[in-house]
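Residues per chain, in single letters:
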Amino acid sequence: MSKEDNIDNMLDPLFIQESGEVYRNPTQVQMSQIVLPCHANHCGELSVGQLLKWMDSTACLSAERHSGVSCVTASVDDINFEHTIDSMCRHVVPSVDSKKTVALRVGKVVNITAKVNRAFTSSMEVGILVMCEDLYTSHQWKVCRAFATFVARRTEAGKVQLKQVIPHTQMEQMEYSLAAERRRMRLIHAEIITDLLSCSTAQLGECQTQEYKDAVPAERTRVESVELVLPPHANHQVSTFGGQIMAWMENVATIAASRLCNAHPTLRTIDMFHFRGPSHIGDRLVLKAIVNNSFKHSMEVGVCAEAYKGGEPLRHINSAFMTFEVLDGERKACTLPRIRPEPIDGKRRYKEAIARKKIRLDRKYIVSCKHTEVPVSVPWDPSNQMYLSYNNVSALKLMDTRNNWVLTSEKNKVRLYTLEENHMLFFKVVMCVSVPAEQTFHLLSDLRRRKEWDRHYEECEVINQADEDDTLYRITAPSVRKGGKGQDFILLASRRKPCGPRDPYLIALRSVTLPTHPPTEECTRGEVLCAGFTIWEESPSDTKITYYNQATPGVIPYISTDIAGLSSSFYSSFAACSQFLEANKDNVVTLPKSSL
Ligand code: COA
Ligand code: ADP
């Protein structure tokens, strides 16, 4: 199994402890279920609602295993059902051509694995992997992967302080590190979406709600359904299971989607679920759904869940947005009828659905675990800033958790390591300085000062200070060949302070493209896929700095002679860096000002 598959599957290779025993993550919980007719829809396939219930229970048990107390679901990140279960099986099991034999249908086994990736204060991120198994062929394939956040219920003493997760394997270390970045994104998710929606819908203006001939009135797809929360829907603390609520929401969304197309719709994606408040046994849950917009091959259905008891007012529990497709006999997406939205709210939701479609695409492709699949230079704009920042930092964290580096060269305790994998070359330089970590972080964060120690930085200007953590720079570098053209780079620098004691300070760099800064005649445009610094506090006055770079054609000429052992210019640069840091260790450092 390749590393990429491993990352995708959340499976660690066997890790043998010193005692000789095979290591198993203590928070890991597994659930295996045979798909029975009562779990399936009318086509005989496992209903997504049932799957969401199993995923939520498995993840909750993992969270409770770590915390030792009762936990509730706070949120579930976006879930992409990348392939229909049938088509995916054809990819994975090409020899099996009968879709009936391999689909996640009645008779197949669903294996769910959940483990706590990281605990924060009272919340934990749980990673969930869903596999399907064909008992007759022993084939297993991935159905989806998800991340849920669980919160330990408050006790009389107040908020619970959870014990930390200690990662043991490289995969656990990677998930631990990325969990902090995912948390950052989910906590500002609602704010980001509101901002993006208001600016995107303003841009769309009036013209987008155009009339289509034969458009279906959205009103025809409206669904309202009530559920009474009974003991089987709740845990022993009488709180309704998050998975049960998601299943009810998926049910009404499927009905709304079917009403548009008069066919059986297939769920493709679920946007992040956030449980805004609890619900308990005895609550009535009102679930409302409507098709917000339909595109050529997909539609967005919005669902809202509210709870009430007796004569109390309705409490908003959750809102979700799901994307459906309709597949023909060849499993190809059919063209869908267009929708005619209702006035006011309908038109607003219609436009918001268009904006969410773009946001979803950005999230899916930029916030991808497969960083190698993200193009070298991604266009930067304020609407994808958050996702590019995540991608930038995560790529550096992934490089930082790799453990197969080879020491290539060493001079006066400055070490150069390389790593070759899948035709890609990575290098890192490690050194220690007698400067406090936070000051090192501030000094290295401002790329305008890098020319003070790095001769490859000729000029550096701030193009845009996007926010406190993200800055866009244009850097010019001299030519490596005499008389040749110089290079320029448009870089996004994303900075992070440690989220906990086991985290470093971090400065991640990657190329982006900006319409305001196209390549020029004078310079060759160079690209940086992933580079940056991790800065670890060794003691209050000593710091370990690691500089990483995933070499691209634009970068290789600057380092190839060092890697080949023909020179040690890396050493002179990093010795100069060390001198620069020590000379400025007591100076106050200010961040670049926004040029906007
Ligand atoms: N996604 C992930 N975590 C979130 C979150 C979100 N959208 N919103 C809050 N949290 C985390 C916070 O970061 C905090 O984590 P920390 O203690 O590790 O720092 C934790 O939740 C508690 O936050 P706090 O501010 O103390 O409480 P709150 O008033 O924001 O309440 C919940 C958070 C989740 C407890 C509350 O919204 C709730 O009860 N929701 C319903 C949960 C439920 O019953 N689910 C089952 C289905 S109804
Ligand atoms: P909104 O501001 O769009 O109403 P909500 O969070 O209340 O946002 O609702 C989320 C989604 O739930 C909406 O986009 C819509 O698709 C659906 N929805 C909300 N209210 C209703 C309703 N009364 N009937 C049908 N669907 C609804």
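From a predicted model like this one, the values you see are computed outputs, not experimental measurements.

**Description of the packing of aromatic side chains**
Part 1: In the structure shown here, the tally under the stated rule is eight aromatic pairs.
Part 2: With centroids separated by 6.4 Å and ring planes inclined at 50°, the aromatic side chains of F427 and Y547 adopt a geometry described as tilted. Taken together, the positions of F427 in strand 18 (residues 424–433) and Y547 in strand 25 (residues 542–550) put the pair 120 residues apart, joining distant regions of the chain. Taken as a pair, F427 and Y547 share a single burial class, namely buried.
Part 3: For the ring pair W453 and F574, a centre distance of 5.8 Å and an interplane angle of 55° mean the geometry is tilted. With W453 in the loop between helix 10 (437–445) and strand 19 (459–465) and F574 in helix 12 (residues 569–583), this pair connects stretches of sequence that are 121 residues apart.
Part 4: Since its relative accessible area comes to 7%, W453 is described here as buried.
Part 5: Since its relative accessible area comes to 6%, F574 is described here as buried.
Part 6: The aromatic ring of F321 is capped on one face by R356, whose charged end is 3.6 Å from the ring centroid.
Part 7: The ring centre of Y417 lies 4.9 Å from the NZ or CZ of K428, which sits over that ring.

**Things to note about the nonpolar core**
Part 1: If you look at the biggest cluster of nonpolar residues, it comprises 72 residues, and the most contacted ones within it are M55, I128, M299 and M322.
Part 2: Here the element with the most residues in this core is helix 7 (residues 242–261); it accounts for 10 residues.
Part 3: Sequence-distant contacts of M299, defined by excluding residues within four places in its chain, comprise A257, L260, C261, V291, N293, S294, M322, T323, F324, V326 and L336.
Part 4: Ranked by size, the runner-up nonpolar core spans 40 residues in total, among them F441, L447, A531 and F570.

**Considering the sheet that holds strand 4 (residues 109–119)**
Part 1: If you trace the six strands from one edge of the open sheet to the other, you get 1-4-5-6-2-10, paired in antiparallel fashion. Since the sheet does not close on itself, it has two edges, and those belong to strand 1 (29–34) and strand 10 (273–274), each with one partner.
Part 2: Of the strand pairs in this sheet, strand 5 (residues 123–133) and strand 6 (residues 140–152) are connected by 11 bridges, and their pairing is antiparallel. Within strand 6, the position partnered with M131 by the bridge is K142.
Part 3: In the packing of helix 2 (residues 48–67) onto the sheet, contacts are made with strand 1, strand 2 (71–76), strand 4, strand 5 and strand 6, and the angle to strand 4 comes to roughly 40°.
Part 4: Lying on the sheet, helix 5 (residues 170–187) is in contact with strand 2, strand 4, strand 5 and strand 6; it crosses strand 4 at an angle near 85°.

**Looking at the pattern of salt bridges**
Pairs can form between side chains of opposite charge whenever their charged atoms are close.
Part 1: Scanning the entire structure with this criterion turns up 31 salt bridges.
Part 2: Linking D134 and K108 is a salt bridge whose minimum nitrogen-to-oxygen distance equals 3.7 Å. On the criterion of sequence distance, the pair formed by D134 in the loop between strand 5 and strand 6 and K108 in the loop between helix 4 (99–102) and strand 4 is long-range, its members being 26 residues apart. You'll find D134 and K108 in the same group, each marked buried.
Part 3: Put simply, E452 and R449 hold a salt bridge, and the shortest N to O gap is 2.9 Å.
Part 4: The exposure class of E452 is partly exposed, given its relative accessible area of 47%.
Part 5: Each member of the salt-bridge network shares a partner with another, and the members are D271, E300, D345, R348, E352, R356 and R360.

Procedures and definitions
Residues numbered from 1 in each chain as written. Chains lettered and ligands numbered in written order. Predicted model: local features only at pLDDT ≥ 70, side-chain atom pairs only at ≥ 80, totals over all residues. Heavy atoms only, no water. Phe/Tyr/Trp six-rings, centres within 6.5 Å; stacked < 30°, edge-to-face > 60°. Helix = DSSP H or I, 4+ residues; strand = E, 2+ residues; numbered from the N terminus. Buried < 20%, exposed > 50% of the residue type's maximum accessible area, 1.4 Å probe, protein only. Lys NZ or Arg CZ within 6 Å of the ring centre and 35° of its normal. Core = buried A, V, L, I, M, F, W, Y, C linked by side-chain atoms within 4.5 Å. Contact = heavy atoms within 4.5 Å. Pairing = 2+ DSSP bridges. Axes fitted to C-alpha atoms, helices over the stretch in contact; angles between N-to-C directions. Salt bridge = Lys/Arg side-chain N within 4 Å of Asp/Glu carboxyl O.

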